[in-house]
Each structure stands twice: as structure tokens, then as C-alpha cells.
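# Architecture and fold: a report
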Amino acid sequence: MTGWRSQWRLVLLNSLTCGLEICVAAGITYVPPLLLEAGVEEQYMTMVLGIGPVLGLLFIPLIGSASDHCNSSYGRRRPFIWLLSLGVLLALLIIPHADVLAANLSWGSTRRNQALQVGLLILGVGLLDFCGQVCFTPLEALLSDLYRERDDCGQAFAMFSFMVSLGGCVGYLLPALDWSGGLLSFYLGGQAECLFSLLILIFVVSVLVTMKVSEEPSSTLEPVPPEPGRCFPRSCCYLFQCKLRALKSGPLMCLLRTCWSMTPAIYRSYCHVPHVMRQLCLAQLCSWMGVMSFMLFYTDFVGEGLYKGVPSAAPGSALRQRYDEGIRMGSLGLFLQCATSTFFSLVMSRLVRVFGSRTVYLSSMVCFTISALVICLSKSVMLVTAMSALTGFAYATLQTLPYTLTCHYHKEKEVYMQNSKTKKTHMNGFTITKDSVCLTLDNGPGDLNHKSGISNGHVHYNRDEPEYYPTLHQNGAPLGLESEDFEKRGVGLDFAILDSTFLLSQVFPTLFMGMIVQFTKSVTAYIASSAIFGAIGIYFATHIVFDQKDLRS
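Here goes a summary of the coordinates provided. These figures come from a predicted structure and were not determined experimentally.

A few words on helix H5 (residues 78-94). With 17 residues, H5 should cover 24 Å at 1.5 Å per step; its first-to-last C-alpha distance of 24 Å lies within 8% of that length. Where H5 is concerned, the buried positions are Arg78, Pro79, Phe80, Ile81, Leu84, Ser85, Gly87, Val88, Ala91, Leu92 and Ile94.

Scanning the model with the defined rule gives 15 aromatic pairs in all. Ring centres 6.2 Å apart and planes at 85° place the aromatic pair phenylalanine 136 and phenylalanine 160 in the edge-to-face group. Placement of the pair is phenylalanine 136 in helix H8 (residues 136-146) and phenylalanine 160 in helix H9 (residues 150-173), with a sequence separation of 24 residues. You'll find phenylalanine 136 and phenylalanine 160 in the same group, each marked buried. Taken together, the aromatic side chains of Phe136, Phe157, Phe160, Tyr403 and Phe495 make up a single cluster linked through ring pairs.

Below, the discussion takes up unusual backbone geometry. The phi torsion at lysine 308 lies on the positive side, around 55°, for a residue other than glycine. Locating lysine 308 in the fold gives a position in the loop between helix H14 (275-306) and helix H15 (318-355). Despite not being glycine, lysine 521 shows a phi value in the positive range, around 60°. In this fold, lysine 521 is placed in the loop between helix H20 (491-520) and helix H21 (524-541).

Considering all chains together, one arrives at zero disulfides under this definition. Of the cysteine sulfurs around cysteine 131, a residue in no disulfide, the closest is that of cysteine 135, at 8.1 Å. Assessed through its relative accessible area of 5%, cysteine 131 is described here as buried.

A word on the pattern of salt bridges. Side-chain pairing between opposite charges can occur once the charged atoms of the two side chains come close. In total, this model carries three salt bridges according to the counting rule given. Close ionic contact of aspartate 145 with arginine 76 constitutes a salt bridge, the shortest N to O distance being 3.1 Å. Highlighted residues: aspartate 145 in helix H8 and arginine 76 in the loop between helix H4 (51-69) and H5, separated in sequence by 69 residues. Look at aspartate 145 and you get buried, because its relative accessible area is 16%. Across the salt bridge formed by arginine 320 and aspartate 324, the nearest N and O atoms sit 3.4 Å from each other. Note that arginine 320 and aspartate 324 are positioned in helix H15 at a spacing of four residues, about one turn of the helix. Residues joined in a network through salt bridges with shared partners are Arg76, Arg77 and Asp145.

Before going further, it helps to spend a moment on the packing of H8 against H9. Direction vectors running N to C along H8 and H9 enclose 150°, while the axes themselves pass 10 Å from each other. It follows that H8 is roughly antiparallel to H9 by the angle criterion. At the point where H8 passes H9, the crossing takes the right-handed sense. Judged by residue contacts, Phe136, Glu140, Leu143 and Ser144 of H8 engage Ala156, Phe157, Phe160 and Val164 from H9. For the contact of H8 with H9, the residue count by class is six nonpolar, one polar and one charged.

What counts and what doesn't
- Residues numbered from 1 in each chain as written.
- Predicted model: local features only at pLDDT ≥ 70, side-chain atom pairs only at ≥ 80, totals over all residues.
- Heavy atoms only, no water.
- Helix = DSSP H or I, 4+ residues; strand = E, 2+ residues; numbered from the N terminus.
- Expected span 1.5 Å × (residues − 1).
- Buried < 20%, exposed > 50% of the residue type's maximum accessible area, 1.4 Å probe, protein only.
- Phe/Tyr/Trp six-rings, centres within 6.5 Å; stacked < 30°, edge-to-face > 60°.
- Disulfide = S-S within 2.5 Å.
- Salt bridge = Lys/Arg side-chain N within 4 Å of Asp/Glu carboxyl O.
- Axes fitted to C-alpha atoms, helices over the stretch in contact; angles between N-to-C directions.
- Parallel < 35°, antiparallel > 145°, perpendicular 65-115°, else oblique.
- Left-handed = near helix turned anticlockwise from the far one by under 90°.
- Contact = heavy atoms within 4.5 Å.
- Nonpolar A, V, L, I, M, F, W, Y, C, P; charged D, E, K, R; others polar.

This is the structure in C-alpha cells:
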């Protein structure tokens, strides 16, 4: 995939990715002050911010697997993208106007007004975080559908990571600008209304561009010929049946029907994750926990640990001013992290071609762990800021390589997802284990035939030879052995599992990191924990299957 036309198409195809990241980053950054102004206590505010990731953990596998099996005339992935984009748009409308909506719905009651405002804010925040995070899964699956070759897939996800990083840069920058003095703010009503109106404009344009550029193969229903003997094919009953059939094939009905039917299958798929995906997800979870622990608490570490400020000090006091200055410096470090991630996303394909996926993945996590350790030990603001910028290498890698590896696994399922292990099964009174191989079961009940050279009806099994487990048949149907049907496993489900590790990495720090800091009496525990998670991620990354040589070893 070469040429500026192909690269420009990738940019347009990932425009929704950038728009989503802008809205999520800017919205979630601006939401905490709104919650505090509405009267939500700080300890409950962190719980509100955890609603989206928890809901995502529950629904991302369902949506990812349902998109694999959706047969809508609009394509497999786009109905889910449309619906989730509608949720993001609704959240962007609710959050800045929660006070106005609450005032109109409370009928003059001050107490009811405040409760409604808090409830609407919580609804908007949860909807924005949930729909924004979950929408990435069908977008990733759409890229995988359109770019199946390994090199093309690598470039597609490198551009995906670039657009995510670019969206993060813009999203963190927009709330820092003062919109209250402009002309738009005068007409729209204030800083929040102006900011969210701009976010709505950016998001709507990005949705329309991506939907226009993406061309999924449609599965249109052929018209059913009229039955013989029907004299009036255009009768009311016939038209009603046609409309009913069109309604059933619509994107919303397809989405609901597929989600309902896929729930038991998802549970089975989670219980039977392929070995290569298990290794990848375990390394991804530990690596993301390190990166997200760093990103979530870095600004607080700089404000309290480096600048010795106190967040609970009175506004205007010296301690509070030092803390606010540290927060601004910490925000600069996260901005530089996004900028570094943007750079490495652009050169990721070239790095993989030159050094290989294994070297790039491991070196990024080693770089992150060393940077976190330097930040823990150093008291220099400049050195800490420089090290925070280097962590963008790991962020770009985790946004790119796991998804290209998953595409590669699914392209060569017979190599990476073959079912090589079986369990004990009882059939016709016989116990079949992994040691009883080379046996075939005839149609006659209980009749066992064995190969020549096998004495006393027993099978010789040499543990030094390669393992071989044949499939048993009776009346032409496989039976006896419980197999994991990986051939029917869609890439959307495995992308959903990868995204679940990202969401889980956010839930864990918000639940336990506060207790760790209270126990150690130091905010340095934030960064130390991220370094420990990074080291664990390096260990599990050495067990990732990057190519067929890793399978043999």
C-alpha cells in the first residue's frame, strides 16, 4: 500500500478515530470541574469517572462479537459505529446544558434542580466515556476488514495510532484555551458551551467523512418472488410483508438480534481463548496497567511530589499555587507524551520492518520502565518532563502492534489458532485420553480397530514424537472430543478482548492506587507502581507469539 492517495484514504478513514479521541480527551478533562461545581464530592467524582470503563468491560465483547456476525445491508461494522456515535453526540449535548435541562425539568424546586443536574451530568459522562471507548472496537475491526495483508494492516494501524495520538494532543489542548472572551462564547453562553459546540462540530464532520470513505461489502437481501397463484402482488399484505422484512434487515434490528443471539457464544469464546491471544492479552493488560497508572496520576505526582503543593490548601495560598503550577507542568509532560506517540506512530511500520515486532515491543516497554524509574528517583523537573515524553513510545506501540498481530493470527488461523489439545471424553464405555491416539471408531457399536503393529489392543505413544490427536467420527459426524472452533472466531471479538484489557487497566488503578498511596504516605507510589507493572509487562511480552518460530519454541 504505497502512494499519497492510499495514505490520504487512511487519514480520512481514521478521521472518526481522531474525532472520538478529541471528544473523549477534552470532555473527560473538562468534566471534573463541572461535577465539583454541581456539588459532587471528590471521592464520588472518581467513581463517576469509572462508570464508562466498567460498562465497557461488560459490553465491548458483546458488541465486538455481534459485529462479526451482523448481516445488515449497511455492512457489519457501520451500524454499530452509527449507534455508538449517536451516544457520543447525545453526551456532548447533555454535559454543557445539564443545568438548563435540570432547571426546565425541576419545575422550580431547588433541591430537585441540583439532583437532576448531577444526574444528567453523570448520565452524560458515563455515556461519553462508554460510547467513546467502545466505538473504537468496530473501528478497529473495520480497518482489519479493509486491509487484510500484514504490511497493509500494519500501516493501517500505525495511522490509527497516529490519529489517536493527534486527537489526544488536540483534546488536551482545547480545554486549556480561554474561549470565554470570544464572539462565539457571547452567542453560545460561556466557556463550556463554546467548547462543547466546537467538539460537536468536529465529531459530526469526522463521522460523516469516515462513513463516506469506508466501503464495507453489503449483504443485501434479494427480493422474494411472489408465490404462484397470487394475482395481486402489490396488495396491502404483500407491501406489509416487504416493509416488515426491510425492518428486520435494518441496522438497529440486526444489531439487537445479533447481540441477543451472540451472548451465550461470547461466554464460550471467553472460556476458550486461543493460546496466542491469551499470551498477547496478558502482556497487553500488564503493559497498559503500567502506562495508564502513569497517565492517570502523573499530574498529581508532579503537583504534590515535585512542587510540594497541597491540593486541599486554600485557593490563592502558596501551597495551592505550587500545586496548580505542578499540575500545569504535568499537563505539559502528558502533551509531550502525546507528541512523542504521534511521531513513533508515523515511523512504526518502518521500525517493525527494520527491527521486527518483538524488538520494537520489548524496547518500548523497557524504555517506559526505565523512564518511570528515573522519574521516581529524580527531583529535576526538566529531567522528569523529558522522561514523561519518552513514555509516548510505549503508548504508540500498544496502540499498534497488538492489533496487527491479531490480524496476522486471524489471517493464518490454521497456523496460530489450531486446536492441538483435547480433553477426556467418554464414548461407548471407553475413556479417550491424549494417550489413546491413532484409534478409529467404526460404525459398529463398540468395535475398535487398531493399526497393525500394535499389540494387545493398546496404542504405543512416544512422548518424544510430535503430538497427534485425530478426530473421531461416527456416522460421518465428529464426536467425542471437545474442540474449540476457532475457525468461526471473528476478529471483532479478539479486538474487543484487547480493548477490554485497556479498560481493565483503568479500573484497577482507580480502585487500588489510592489505598497504596495512603499506605506508603507518598505520591511516588503512583510512578513506582507503573514501573513495576511495566517490568511485569516486559516478562509477559517475552512470551508473545510474534511469528511461527515462537510457536515451535
